[in-house]
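Coordinate analysis (summary)
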Amino acid sequence: MTDAEIAIIGGGLAGASAAAYLAPHRSVVLLEREDQPGYHASGRSAALFTETYGNAVVRALTVASRPFLAAPPEGFAEHPLLSPRGALHVGTDGDEAWLAALLSETRALVDSVRAVDAEEARRLVPALKPGWVRAGVLEPDAQDIDTHACLQGFLRVARSHGARVMTRAEARGIARSGGRWRVDTPAGPVSADILVNAAGAWADAVAELAGVPRRGLQPKRRTAFLFAPPEGVSVRDWPICIGPREAFYFKPDAGMILGSPADETPSVPCDAQPDELDVAIAADRIQAVAELPIRRIARSWAGLRTFAPDKTPVVGFDPAAEGFFWLAGQGGYGFQTAPALGAITASLILSGTVPNGIADLGVAAAHLAPERLPTA
Ligand SMILES: Cc1cc2nc3c(=O)[nH]c(=O)nc-3n(C[C@H](O)[C@H](O)[C@H](O)COP(=O)(O)OP(=O)(O)OC[C@H]3O[C@@H](n4cnc5c(N)ncnc54)[C@H](O)[C@@H]3O)c2cc1C
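In this text, all values refer to a predicted model and were calculated from it rather than measured experimentally.

A look at the nonpolar core
Ile8, Leu61, Phe154 and Ile344 are the most contacted members of the largest nonpolar core, which totals 48 residues. Elements with a contribution of two residues or more to this core: β1 (2–9), α1 (13–22), β2 (28–31), α2 (56–70), α5 (147–160), β12 (190–197), β20 (324–328) and α8 (338–351). Here this core takes 8 residues from α8, the largest share from any one element. Beyond its immediate sequence surroundings of up to four residues, Ile344 is in contact with Leu61, Val315, Val354, Pro355, Ile358, Val363 and Leu368. Within the second largest apolar cluster, 33 residues are counted, among which are Ala7, Val183, Val212 and Ala272.

Describing the domain arrangement of the chain
Taken domain by domain, the chain comprises domain 1 (2–69 + 146–215 + 310–372) and domain 2 (87–140 + 218–307). Placing a centre on the C-alpha atoms of domain 1 and another on those of domain 2 gives a separation of 29 Å. Here domain 1 and domain 2 share an interface that buries about 1900 Å² over both sides, 56% of which is from carbon and sulfur atoms. On the domain 1 side of the interface with domain 2, the three residues burying the most area are Arg44, Thr52 and Ala201, jointly 29% of the side's total. Here domain 1 is connected to domain 2 by 1 salt bridge. Between Asp271 and Arg44 there is a salt bridge, with its nearest N and O atoms 2.8 Å apart. Where domain 1 meets domain 2, there are 12 residue pairs in polar contact (both at pLDDT 80 or more). Classifying every residue of the side of domain 1 that touches domain 2 gives 9 nonpolar, 8 polar and 4 charged.

Digging into the site of the ligand
Taken together, the neighbourhood of the ligand is formed by 37 residues, with Glu32, Ser42, Leu48, Ala171 and Gln336 sitting nearest. Take Ala171: an N or O atom from its main chain is 2.8 Å from a nitrogen atom of the ligand. Within the contact set of the ligand, a nitrogen atom lies 3.1 Å away from a backbone nitrogen or oxygen of Gly332. In the complex, 96% of the free accessible area of the ligand, which totals 1000 Å², lies under the protein chains. Among the elements of the structure, α1 and β18 (299–307) are those that each provide at least two residues to the shell around the ligand. By residue number, the principal contributor to the shell around the ligand is β18, which donates 3 residues.

What counts, and at which threshold
Residues numbered from 1 in each chain as written. Predicted model: local features only at pLDDT ≥ 70, side-chain atom pairs only at ≥ 80, totals over all residues. Heavy atoms only, no water. Core = buried A, V, L, I, M, F, W, Y, C linked by side-chain atoms within 4.5 Å. Buried < 20%, exposed > 50% of the residue type's maximum accessible area, 1.4 Å probe, protein only. Helix = DSSP H or I, 4+ residues; strand = E, 2+ residues; numbered from the N terminus. Contact = heavy atoms within 4.5 Å. Domains from an automatic or database assignment. Buried area = accessible area lost by both parts, 1.4 Å probe. Salt bridge = Lys/Arg side-chain N within 4 Å of Asp/Glu carboxyl O. Polar contact = N/O pair within 3.5 Å; in protein donor to acceptor, adjacent residues only side chain to side chain. Nonpolar A, V, L, I, M, F, W, Y, C, P; charged D, E, K, R; others polar. Near = heavy atom within 4 Å. Areas by Shrake-Rupley, 256 points an atom, 1.4 Å probe, with all protein chains shown as cover.

Below, the structure is given as structure tokens:
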């Protein structure tokens, strides 16, 4: 029997960040079903940090996470976690009202957001077709995140404070008795006072296993693929280019271009695989607006972004079961909000409060609490 004060189910970014923030204060064991942490959503993201994405709570969590990602603690990572990218939303004839609304909404959040005309849009992304692009909105301070370094950094911090990371340790049975949780896994049983449910797309399934009501979390598949830029074209300094109403995006990725149809297809929790049709749709949309012939897909993949009905993460103790803590529903923003959500998780568990610096940005425990959602 492995004993700890806190057992975290899920070795993705959510579980790893929670472990890093909790391990200095409590004994922690992290349980991951797969051979290695980060196999699911956390190994498949588009690695973008944008302060204009998501609802007001998500944007506040992103702003709150920036200082950590921009200057992580000594020894967290060998290289910077953030690097300049920029995000350019583009539109064509008929998109004027949408672009104007996007500009006023996002500039209210981030001062540096500004309108760009077709000429500047094409200076930033020269492949955009002159006959198509009419205008855009630029978020110059959007960043790329080194997602691998981020996950490994949190795991390293957790381990350095004594956290145990168990792989091939799927929680298959969960029960509470005598004031403790018992989790049965193929790697042996685990006992803990508090259970943190950081199981990503499986968060509702893990709750059900523990006899806790589901909260209506919906995994949604998103597809991505890599293709080579045209011969002799350097794409390194392009911003991510996002189509009208997020119909597609493409961004430089280590000498290649990452494309996506920005799909959100509801899925059961699973090892998501790309659908060829989604790749073809994205390739069509990208080639309609940009001189980027897609001759060969070098690699394609898909991952599940898991959302609560109100698109806000679910973080907090469930009133229906003592010691059962949710850390789920990070949707398409799990990396850019991870430091804030990790800090909130530790603070809610240790002292029942949201850290001051994050509360000052307008994030209250009630925004994140599982009981705000109907049981499903
Ligand atoms: C294509 C794509 C693009 C994205 N782009 C961005 C982006 O640009 N910026 C951004 O911030 N975010 C982005 N995201 C979202 C981000 O990747 C997720 O929000 C984040 O990775 C979620 O982390 P997680 O730990 O909750 O989930 P996961 O990484 O899925 O981890 C959950 C873990 O729980 C484990 N597990 C499940 N059930 C059990 C069990 N019973 N026992 C033990 N272990 C279990 C699973 O094996 C899994 O490893 C993107 C996601 C996708 C798919």
